[in-house]
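Okay, here's what each chain looks like letter by letter:
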Amino acid sequence: MTDIRHTLRKQSRNAFANAEPRPDPTVPAAARRWKLWLLTVCGIYPTIVLLGLATNPVLEGLYLPVRLAVLVPAAAAAMVWQINPRLQRHFGAWLTK
């Protein structure tokens, strides 16, 4: 059992010693918070307006808190999975300047 461990240690040391050095991975620059905020506002405002207009005929008889309980999760889902990724892809260079 000891021979196997010794052999494995020796092989792993040799593997690391003979490995080519890899370049350091580039860490993306952090986006400025105010730019993320601005991008989010520019994405969420039209989303809420359009969702409000689209659901108004169905939800107009409900109280405002109930309407918002329907609109907010739908708007958040749209922002997280559709709108923000596209905005960040499009404005990525600007976000990290």
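Just so you know, the residues in each chain are numbered from 1, in the order the chain's sequence is written. The predicted origin of the model limits local features to residues at a pLDDT of at least 70 and limits the giving and counting of side-chain atom pairs to 80 or more, whereas totals for whole chains, interfaces and linings rest on all residues. Side-chain figures throughout are based on the complete set of non-hydrogen atoms in the structure, without hydrogens or water.

A. Quick look at the overall build of the protein chain. Strands are runs of DSSP state E lasting at least two residues, helices are runs of H or I lasting at least four, and both sets are numbered from the N terminus onward. Each helix and strand in the protein chain was counted, giving four helices and zero strands. Between buried and exposed lies partly exposed: a residue is buried under 20% and exposed over 50% of the maximum accessible area for its type, with that area taken using a 1.4 Å probe on protein chains only. The 97 residues of the protein chain split such that 11% are buried. We call two residues in contact when some of their heavy atoms are within 4.5 Å. Considering only residue pairs separated by 6 or more positions, the protein chain has 76% of its internal contacts joining residues 24 or more positions apart. Put simply, the protein chain shows about 8500 Å² of open surface, and 65% of that area lies on carbon and sulfur atoms. Only the protein chains shown count as cover for residues, and the accessible areas themselves come from Shrake-Rupley with a 1.4 Å probe.

B. Examining a nonpolar patch on the surface more closely. Note on patches: the residues involved have over 30% relative accessible area and no salt bridge, like charges join within 9 Å, and the nonpolar side chains Val, Leu, Ile, Met, Phe, Trp and Tyr join within 5 Å. Salt bridge criterion: a side-chain nitrogen from Lys or Arg within 4 Å of a carboxyl oxygen from Asp or Glu. Residues Trp34, Trp37, Leu38, Val41, Phe91 and Trp94 make up a contiguous nonpolar surface patch of roughly 590 Å² in combined accessible area. Among the elements that make up the nonpolar patch, the one with the highest residue count is helix H2 (residues 33-59) (four residues). Inspection of the secondary structure puts Trp37 in helix H2. The exposed category is assigned to Trp37, whose relative accessible area is 56%.

C. How the structure looks around the packing of aromatic side chains. Stacked, tilted and edge-to-face pairs are distinguished by plane angle, under 30 degrees for stacked and over 60 for edge-to-face with tilted covering the rest, among Phe, Tyr and Trp rings (Trp via its six-membered ring) whose centres lie within 6.5 Å. Under the defined criterion, the tally for this structure stands at two aromatic pairs. Residues Trp34 and Trp94 carry aromatic rings whose centres are separated by 6.0 Å and whose planes lie at 85° to one another, so their mutual orientation is edge-to-face. Of this pair, Trp34 sits in helix H2 while Trp94 is found in helix H4 (residues 92-95), placing the two residues 60 residues apart along the sequence. You can call Trp94 partly exposed: its relative accessible area is 30%. For the pair Phe91 and Trp94, a centre-to-centre distance of 6.4 Å together with 70° between the ring planes defines the contact as edge-to-face.

D. Quick peek at the packing of H2 against helix H3 (residues 64-90). Helix axes are fitted to C-alpha atoms over the stretch in contact, other axes to C-alpha atoms as well, and angles between N-to-C directions run from 0 to 180 degrees. Close contact between H2 and H3 brings their axes to 9 Å; oriented N to C, the two are set at 135°. Overall, the two elements H2 and H3 adopt an arrangement that is oblique. By crossing handedness, the relation of H2 to H3 is classed as right-handed. Counted together, Leu36, Leu39, Thr40, Gly43, Ile44, Thr47, Ile48, Leu51, Gly52, Thr55, Asn56 and Leu59 of H2 and Arg67, Val70, Leu71, Ala74, Ala75, Ala78, Met79, Ile83, Asn84, Leu87 and Gln88 of H3 form the full contact between these two elements. All amino acids are sorted into three groups, where Ala, Val, Leu, Ile, Met, Phe, Trp, Tyr, Cys and Pro are nonpolar, Asp, Glu, Lys and Arg are charged, and the leftover types, Gly among them, are polar. For the contact of H2 with H3, a count of residues per class yields 14 nonpolar, eight polar and one charged. Should an angle fall under 35 degrees it is called roughly parallel, over 145 degrees roughly antiparallel, and 65 to 115 degrees roughly perpendicular, with every other angle called oblique. Handedness of a helix crossing follows the sense of rotation of the near helix relative to the far helix, less than a right angle counterclockwise being left-handed and clockwise being right-handed.

E. Seen up close, the environment of Gly92. The residue Gly92 is located in helix H4 in this model. Looking at Gly92, the relative accessible area reads 24%, which means it is partly exposed. Sequence separation between Gly92 and Ala31 is 61 residues; the distance between their C-alpha atoms is 8.4 Å.

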